Amino acid sequence: MENAQILQSPNDNSQYQYLTLANGLAVLLVHQADSEKSAAALTVNVGHFDDPADREGLAHFLEHMLFLGSVNYPDAGEYQQFINHHGGSHNAWTGTEHSSFFFDIDTQFFAPALTRFADMFSQPLFSAEYVEKERHAIEAEFSLKLKYDGRRIYQAHKESINPEHPFAKFSVGNLNTLADTADGSLQQALKDFFQQQYSTSRMTLTLVSSLPLTQQAQFVQQHFNVLPAHLAAKKALDVPLYLPEHQGIQLNIQPHRDTQKLVVSFAMPDIQRWYKHKLISFIAHLLGDEGPGSLLSYLKQQDLVNQLSAGGGIDGSNYKDFTIAFELTDKGISARDTILQALFSNLAMLKAQPLPTVQFAERQKLLHWAYLFQEPSTALETANHLSVSMQHYPIEDIIFGDYRMELPPDTLYQQVLSYFTSDNMRLMLIAPGVPTNCNARWYDTPYSIEPLPKALLHALNNTKAIAELQLPPSNPYLTGDVSLLAKHQHMAEPKCLVDEPSISIWHKADTDFASPKGHVFVQLSLPNSVGNSLQLAATRLWVELFLDSINQQFYAATTIGLVYRLHMQRQGISIHTSGLVANQLILLQDLLQQMHTQEFNEHRFDELKRQLSRHWRNSSKSKPVARLFSQLSALLQPLNPEIDILTDALDQLSFTQFLAFHRQLLQQVHIESLLLGNWATDHAKQLQHILKKWQTQLHSTGKRLSNLAYNIQGQGPVWVQLDVEHSDHALVIYLPAQQATPENMALFMLANHVLSPEYFHQLRTEQQLGYLVGTGYVPINTLPGIAFYVQSPKADCEQVYLATVVFFREFLADTETLSDEEFAEIKQGILAQLNERDNSLGARATRYWLALGQQDYSFALTQRIIDAMQQLSLAQFVAFLKQLLLAEYDAIFLATDGKPVHSHLRFSSTAELQQQLTQTQIAFDTIDKVI
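In this report, we go over the structure that sits alongside the text. (Residues numbered from 1 in each chain as written. Predicted model: local features only at pLDDT ≥ 70, side-chain atom pairs only at ≥ 80, totals over all residues. Heavy atoms only, no water.)

## Quick notes on the sheet that holds strand β20 (residues 670-677)
Next up, step 1: Spatial ordering of the open sheet is given by β15-β16-β20-β17-β19-β18, a layout of six strands whose pairing is mixed. Because the sheet does not close on itself, it has two edges, and the strands there are β15 (495-500) and β18 (563-569). Averaged over all neighbouring strand pairs, the angle between strand axes comes to 10 degrees, with direction disregarded.
Next up, step 2: Judged from the five bridges that link them, β15 and strand β16 (residues 503-509) form a sheet pairing that is antiparallel. Of the residues in β16, the one forming a bridge with Asp-499 is Ser-504.
Next up, step 3: Most of the contacts of helix α15 (residues 533-559) go to β18, to which it runs at about 180 degrees, and overall it touches β18 and β19 (572-580). (Pairing = 2+ DSSP bridges. Helix = DSSP H or I, 4+ residues; strand = E, 2+ residues; numbered from the N terminus. Axes fitted to C-alpha atoms, helices over the stretch in contact; angles between N-to-C directions. Contact = heavy atoms within 4.5 Å.)

Have a look at this one:
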């Protein structure tokens, strides 16, 4: 029966039914009438904390193995292929105390998908063949992230806590931990672990569909009643995370990337019991404030800190680390005690007064608005989120729990603040060159542990509040109207209000999502920002300096979800504001005015220049596949040079040169803008007035710049080697179309759709050639293309290349045997994705803004692709695949190794290919664009 006690937003039109099956499985059914797909998610209260001491990583390994065959569906790739071919997606994750599995699919195939999903959890095969294969996949995943600082720091943290707490376990697993031993085989350990841990008493299942609740209930009863129900709910974790000797210490860690951070953490008990008050997030809001009188403002004035974040840290069923992370300047690295004294002064100020009810009421109001105008989510997002929420909230709060924020008693507020003491504190100093004396297991992270001076701990606990640090003032952006437009004001498509040589403005009132929010995009085409590498580097630094200088002034807007973003775009600088409509245009007007009058400080120029250079140089340490895709983008787009070129240009930029650049930046400016959301016509006129008035203050206006691209026809097939700072091998094979037509887009989209699960299954699951394996639809300036990619710790690029060629030929042979009916069914999967409606106001705004950037002023490209897809025959698709196999096809092979010895591929360095492509630069908007 339906459960009326489940609290839901008035903006949520879904129907909910909570039920418990005879085997004890807790189930939430959701009828989402307008959902174009159906989804399911199952979360189980089992994670890496449950790993046997001699089988670390077993929970993670089990997550992988559940996808590789069950009694009724023994084919290891069948589940993935079924989901993909019917317009769906699937994934899973393993955490500390929970694991979650989820998928979505076209609704007409929901029932057979649930049959397969349930069989995974009731009758998994754990076949010996795939146990052996998949442990190598786990090893590849482990190897992939050996230099990932998140995991390296995580492991050092694990070695500095109570070793009896399960957090100390190695969570990922590798060939060493997942191997046969004298005590038994890995396969048997896997079966035993499943038997000892997986039971309905620990599971929560959510279904989301447009199908009636009664039909969903029938599916659940039919397929999930057979899940094992032999275990009791898990006992509460009672081992402390830290013993006294693990507090009052500093952990010094040398990162792989050039990073400078001080992380201060305070140990707390389980905080879930206080969820109704949102006290932890409220205190994080107070400590993480970035406005005048804030801790960040105070430390930035002393040139010690660039950024600050509060409230993060690990958390679980009996612990929480509340962290305050400081991104340090060079001066800040040696100013630990000064930073700590400022932090404890801020804490003393909070402890000296009762709960600040004005600021608390503001946070309450924001959560209340978020609840009243709850934004829609996809079926997959809903299923995934709610199945996890069922693990943490009582039935009535499964939805409302995230929004509930009741005023706490002041005693509880003071109790939480009492955990913020120096004897309950740990530090992590993460920076190159910090003193170390040991290396963390598995990831070889250099680190050391040292006790903090007792005099310092005593002084911190006795620190007094100082006048410079204050509570955030009342938020001026929380005023204004949050009413909704009337339904009849909805506009089907954006309308062009202004179309002049130097400015165009589009408006779309949108009421579909019943939200008081809106989006404004402003693209500033700036010829003096994209003329050469020095201008490109200077523009990026300009954006960083500008955001840094205005952060304090506009921070209050961001705390209520009124977001502004500025970023460098291939024609200049793009501004995007979003959030509540009230005050948003005033915010945009103030941002534009600041751009016009901005002055820069040489000291901050030096600091942010160092920071940006460090960030760019760190990119060379990214995973090899990411480096190769970055190189591909640089090769094919003239205004996107290699990161090393930008870094070298930035390093040569002086402050005097930068000021000269700044004076010329806002010249020959062209403006294109889109206003979409809860915006009335009067708002559009207000935007028009703001932009035109700002234009009059500029030195000069100009025309829209063309999107430049390189035409690679006649260049391939070419093999390009790139050196990377990683031991893994990686190969990216990029196959572009010759023209940007809807027909070509349909062909490449369909190819990616059908190739992706097959390629993953063959090269990753069956042949174990790497962990990162896949294909992707890669449009560059709307020119469609497809990319195959593999990153492997053991297989070199020649082996991957040959395996890909063999795979493609076999795939082509299989495709030729398809019937017309089978081909139509495969097309239906991608057609379902193309026909999906926008699932949020943000998604819709982004879609229209991208269309304007492509000069698709009829907003009909997607429909033209759908029409082309519907008319596409099997014979045409086979002919297209054969064309991709031609020896002379213009493909680019980006690799970490040299080209195969016996190969028709031409070899080129990146510099040589770049020089050749420079001869073919085209204005993509006008010459080679057919759409």
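Next comes the rest of the write-up.
## Notes on the packing of helix α4 (residues 128-144) against helix α6 (residues 186-197)
Next up, step 1: For the pair α4 and α6, the least separation of the axes is 9 Å and the interaxial angle reads 95 degrees. By the angle between their axes, α4 is roughly perpendicular relative to α6. Seen from α4, the contacting residues are Ala-128, Val-131 and Arg-135; seen from α6, they are Leu-186, Gln-187 and Leu-190.
Next up, step 2: Taken together, the residues that form the contact of α4 with α6 break down as four nonpolar, one polar and one charged. (Parallel < 35°, antiparallel > 145°, perpendicular 65-115°, else oblique. Nonpolar A, V, L, I, M, F, W, Y, C, P; charged D, E, K, R; others polar.)

## Let's talk about a negative patch on the surface
Next up, step 1: On the surface, Asp-820, Glu-821, Glu-822 and Glu-825 cluster together into a patch of negative charge.
Next up, step 2: Turning to its location among the elements, Asp-820 is positioned in helix α24 (residues 820-834). (Patch = residues over 30% accessible without salt bridge, like charges linked within 9 Å, V, L, I, M, F, W, Y side chains within 5 Å. Areas by Shrake-Rupley, 256 points an atom, 1.4 Å probe, with all protein chains shown as cover. Salt bridge = Lys/Arg side-chain N within 4 Å of Asp/Glu carboxyl O. Lys, Arg positive; Asp, Glu negative; His and termini not counted. Charge placed at Lys NZ, Arg CZ, Asp CG, Glu CD.)

## So, α4
Next up, step 1: Between its first and last C-alpha atoms α4 spans 25 Å; for 17 residues at 1.5 Å apiece the expected length is 24 Å, and the two agree.
Next up, step 2: Counting buried positions along α4 yields 12 of 17 residues, so the element is predominantly enclosed.
Next up, step 3: Residues of α4 that are buried: Tyr-130, Val-131, Lys-133, Glu-134, Arg-135, Ala-137, Ile-138, Ala-140, Glu-141, Phe-142, Ser-143 and Leu-144. (Expected span 1.5 Å × (residues − 1). Buried < 20%, exposed > 50% of the residue type's maximum accessible area, 1.4 Å probe, protein only.)

## Comments concerning the side chain of Gln-216
Next up, step 1: Along the chain, Gln-216 falls in helix α7 (residues 213-224).
Next up, step 2: On the basis of relative accessibility, which here comes to 0%, the residue Gln-216 falls in the buried class.
Next up, step 3: One polar contact links the side chain of Gln-216 to the main-chain carbonyl oxygen of Val-30, over a distance of 3.0 Å.
Next up, step 4: Leaving out residues up to four positions away in the same chain, Gln-216 has contacts with Leu-29, Val-30, His-31, Leu-207, Val-208, Ser-209 and Leu-211. (Polar contact = N/O pair within 3.5 Å; in protein donor to acceptor, adjacent residues only side chain to side chain.)

## A closer look at the side chain of Glu-758
Next up, step 1: Looking at the element boundaries, Glu-758 is found in helix α22 (residues 742-766).
Next up, step 2: When sequence neighbours within four positions are dropped, the list of residues in contact with Glu-758 reads Gln-81, His-85, Phe-807 and Phe-811.

## Details of unusual backbone geometry
Next up, step 1: Phi is positive for Asp-444, close to 60 degrees, though the residue is something other than glycine.
Next up, step 2: Tracing the sequence through the fold places Asp-444 in the loop between β13 (438-439) and β14 (446-451).
Next up, step 3: The phi torsion at Phe-859 lies on the positive side, around 55 degrees, for a residue other than glycine.

## Brief notes about the sheet that holds strand β27 (residues 906-908)
Strand pairing in a sheet is mediated by backbone hydrogen bonds. Such pairs are either parallel or antiparallel.
Next up, step 1: Strand order in the open sheet formed by six strands is β24-β25-β23-β26-β22-β27, with mixed pairing between adjacent strands. Unpaired on one side and paired on the other, β24 (772-777) and β27 mark the two borders of the sheet. Taking each pair of neighbouring strands and ignoring which way they run, the sheet shows an average axis angle of 15 degrees.
Next up, step 2: Bridge count for β24 against strand β25 (residues 785-792) is six bridges, and the pairing is antiparallel. Note on β25: the bridge partner recorded for Leu-772 is Gln-791.
Next up, step 3: This element, helix α18 (residues 624-636), spans β23 (729-736), β24, β25 and β26 (892-895) of the sheet and lies at about 35 degrees to β23.

## Describing the pattern of salt bridges
Next up, step 1: Overall, the coordinates contain 32 salt bridges when judged by the stated rule.
Next up, step 2: A salt bridge links Asp-397 to Arg-404, with the shortest nitrogen-to-oxygen separation between them at 2.8 Å. Each member of the pair, Asp-397 together with Arg-404, is buried.
Next up, step 3: Note that Asp-648 and Arg-617 form a salt bridge whose closest N and O atoms lie 3.6 Å from each other. Taken together, the residues span a long stretch of sequence, with Asp-648 in helix α19 (residues 643-651) and Arg-617 in helix α17 (residues 602-618) at a distance of 31 residues.
Next up, step 4: One connected set of salt bridges, linked through shared partners, spans Lys-508, Asp-510, Asp-512, Asp-838, Arg-844 and Arg-847.

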